[in-house]
Amino acid sequence: MLQTSENFLSNNKSFMSDLANLLTYEASLPNLNTTNGAQKQVGGEIYGGMLSLENFGQTMIREYISWIGLLSMFKQGIELLTEFKIFDVLITLVDQNRRDHVLIQILFSLDYRMEGKAREFLQYCIENGSKNLVLSCLELLRLLYRSELNDFASWGMDLLVTKLYSAGEVSALALNIIEEICQEKEYLNSFLGKWPKLIDLGKNGKNFLISLLRIKQGFEYLTNVNDWTVEEMERW
């Protein structure tokens, strides 16, 4: 199927042009109410345009957009996405803090097996997206871990650690995922090797710290982080 898709797109670049034009048009829509009813703003989300939440759930436009994920699965597809600046337009949507339903659909369809555009886009969404988008990205990282994606211990863990220092729900979810991942020694060692700051993460963070005492590396880490082990022993 990939070979068929590759041949099709090589001979039908008008498809890519149409896709790029659609995304560019959506990114150009003003995030404002209009007097003619063409668009409606609710909670920062624009309703109107082909990628509106309503259209996305009720028409085949969802399948059209899913081609981005298919293209990310092979080299020529990535080259086409780059040539038509698809990721550049998607980044614009992230910066505008809207169309999260489209971005989430794309993120969950991309191929993350190799370094490159897909991983870079996921990282950008985690670092710059809305709260809703960031939470979805974190759940995606959980799925990627469970799918045993190659070298996740290095690049995936980095993304999770950066969100430990966010506020509220984002930090709590990042910690929850890290706790699950660190049941495996490889990931636990990777996590501790980044010297994360876990002192101010509340009750859940403290429980996780206590769980680290079960291994030598965890004990050494906690002993070297603000003398946490000594302070806890004195408190007990």
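Residues numbered from 1 in each chain as written. Predicted model: local features only at pLDDT ≥ 70, side-chain atom pairs only at ≥ 80, totals over all residues. Heavy atoms only, no water.

Draft legend 1. View of the packing of aromatic side chains. By the definition in use, this model includes seven aromatic pairs. Note on Phe152 and Trp155: the rings are 5.7 Å apart at their centroids and 75° apart in plane angle, and the pair reads as edge-to-face. With Phe152 and Trp155 both in helix H11 (residues 152-163) and three residues apart, this pair spans about one turn of that helix. Each member of the pair Phe152 and Trp155 is classed as buried. Here the aromatic residues Tyr145, Phe152, Trp155 and Tyr187 are joined through ring pairs into a cluster of three or more. (Phe/Tyr/Trp six-rings, centres within 6.5 Å; stacked < 30°, edge-to-face > 60°. Helix = DSSP H or I, 4+ residues; strand = E, 2+ residues; numbered from the N terminus. Buried < 20%, exposed > 50% of the residue type's maximum accessible area, 1.4 Å probe, protein only.)

Draft legend 2. Layout of the nonpolar core. Grouped together as the largest cluster of nonpolar side chains are 71 residues, with contacts concentrated most on Ile65, Ile86, Tyr112, Leu122 and Leu141. Take this core: its biggest share by element is nine residues, from helix H10 (residues 131-146). Leave out the neighbours within four places in its chain, and Ile65 touches Leu19, Leu22, Leu23, Leu51, Phe56, Val102 and Ile106. (Core = buried A, V, L, I, M, F, W, Y, C linked by side-chain atoms within 4.5 Å. Contact = heavy atoms within 4.5 Å.)

Draft legend 3. Focus on H11. Counted at 1.5 Å a residue, the expected span for H11 with its twelve residues is 16 Å, and the 16 Å between its end C-alpha atoms agrees. Of all the twelve residues making up H11, nine are buried; the element is thus mostly covered by neighbouring parts of the structure. Every buried residue of H11 is listed here: Phe152, Ala153, Trp155, Gly156, Met157, Leu159, Leu160, Val161 and Lys163. Where H11 is buried, its residues meet helix H9 (117-128), H10, helix H12 (168-181) and helix H13 (185-192). (Expected span 1.5 Å × (residues − 1).)

Function cannot be inferred from these measures alone, as they are strictly geometric.
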